[in-house]
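Observations on the three-dimensional arrangement
Letter by letter, the chains look like this.
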Amino acid sequence: MITNKLVTREGMVLHCRNKGKDLGFKAILADESFDFRFHLNIRRTAVYTCTFSWHGNVKRFDIFRADRDDNPRSTCGICRECIWHISESGPCLLFSFLLVLKTSSSFGNHSSTDGILPFAPKHVVVVNKLTSQAKLIAHCTNKEKDLGVKELLPGSSFDFRFRVNLRKTTRYTCTFEWPGNKVTFDIFRVDRDDTPKSEFGVCRECIWYIYEPAPCRLDRDAGIPYCFDWNS
């Protein structure tokens with residue numbers, strides 16, 4: 001499924017195809033979606049490429065690649081329902097915790113203690129990537145610590161370090177504000193960010209790009225961010 005999440009709320013024209021099939025041109029308004037279904041070929045070489053066009057922009061992206069989206073060894077895991085949000089900043093493969101999480105290989109940037117033993121060191125980096133170029137106000141806390149209010153200009157960041165607690169229940173929640181918007185998100189959760197069985201892998205350096213449609217955690221190996229729904 002492909003959903004138009006352009007921040008400008010304008011319509012988008014997309015054109016998806018593979019070597020054997022052309023899905024035609026589709027016009028989708030803001031928040032509208034287009035979907036298609038298929039079976040992998042015997043050689044498991046299926047690739048669907050889409051061209052996305054909106055005012056002043058033409059972008060191209062492989063919306064499905066067997067080596068990335070149907071490979072147990074891929075850091076992106078296997079998606080049966082491959083849900084993509086398309087914004088000006090790029091395509092985001094969306095995961096929802098309402099879905100059953102699948103096991104995939106974890107990220108390469110972790111130590112032997114990460115995800116296995118308590119007290120693993122973590123470094124969280126939050127970057128203002130708002131496409132509107134607005135200032136981002138961030139306020140992150142957990143049950144014991146308040147990190148204070150941070151004002152982030154476009155492209156700037158702030159970071160903090162900690163160790164996962166003995167019971168492995170550590171959670172940091174952030175409130176993000178920009179003109180006309182106030183949202184919250186768990187910027188670190190052990191079940192998502194420090195568990196080997198998590199679909200999203202273990203991160204020792206957890207780098208988050210904050211966009212209007214979604215917060216996205218970078219995967220340096222696969223080159224594609226994992227993007228999530230806001231808490232509220």
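Note: the structure precedes this text.
Notes on the structure follow. Keep in mind the model is a prediction, meaning the values are calculated, not measured. Within every chain, residues take consecutive numbers counted from 1 along the sequence as written. It should be noted that, the model being predicted, local features are given only for residues of pLDDT at least 70 and side-chain atom pairs only at 80 or more, the latter also being counted only at that level, while totals for whole chains, interfaces and linings use all residues. Values reported for side chains reflect all heavy atoms of the structure, with hydrogen atoms and water molecules removed beforehand.

What follows deals with the side chain of His15. Here a helix means four or more residues in a row that DSSP labels H or I, a strand means two or more in a row labelled E, and each is numbered from the N terminus. Here His15 lies in strand S2 (residues 12-17). Buried residues are those whose accessible area, probed at 1.4 Å on protein chains only, stays under 20% of the maximum for their type, while exposed residues exceed 50% and partly exposed ones sit between those limits. We classify His15 as buried; its relative accessible area is 11%. Polar contacts here mean pairs of N or O atoms no more than 3.5 Å apart (in protein, one a potential hydrogen donor and the other a potential acceptor; neighbouring residues in sequence count only if both atoms are side-chain atoms). Here the side chain of His15 touches Asp22 through a polar contact of 2.7 Å, side chain to side chain. Excluding residues within four positions of it along the chain, His15 makes contact with Asp22, Gly24, Phe25, Thr49, Cys50 and Thr51. It only takes one pair of heavy atoms within 4.5 Å for two residues to be counted as in contact.

When two rings of Phe, Tyr or Trp (its six-membered ring) have centres within 6.5 Å they constitute a pair, described as stacked for plane angles under 30 degrees, edge-to-face for angles over 60, and tilted for the intermediate range. One pass over the structure, following the stated rule, counts 20 aromatic pairs. For the ring pair Phe160 and Phe162, a centre distance of 5.9 Å and an interplane angle of 25 degrees mean the geometry is stacked. Both residues of the pair, Phe160 and Phe162, count as buried. Pairing Phe162 with Tyr172 gives two aromatic rings, centres 4.8 Å apart and planes at 40 degrees, and the pair type is tilted. Here Phe162 is found in strand S12 (residues 157-163), whereas its partner Tyr172 is found in strand S13 (residues 171-178), with ten residues between them in sequence. Taken together, the ring pairs connect Phe176, Trp178, Phe185, Phe200, Trp208, Tyr226, Phe228 and Trp230 into an aromatic cluster. Comment: the charge-over-ring label is applied if NZ (Lys) or CZ (Arg) is within 6 Å of the ring centre and within 35 degrees of the ring normal. Residue placement shows Lys129 over the ring face of Tyr209; its charged tip is 4.8 Å from the ring centre. When the ring centre of Phe228 is taken as origin, the NZ or CZ atom of Arg192, which lies over that ring, is 5.3 Å away.

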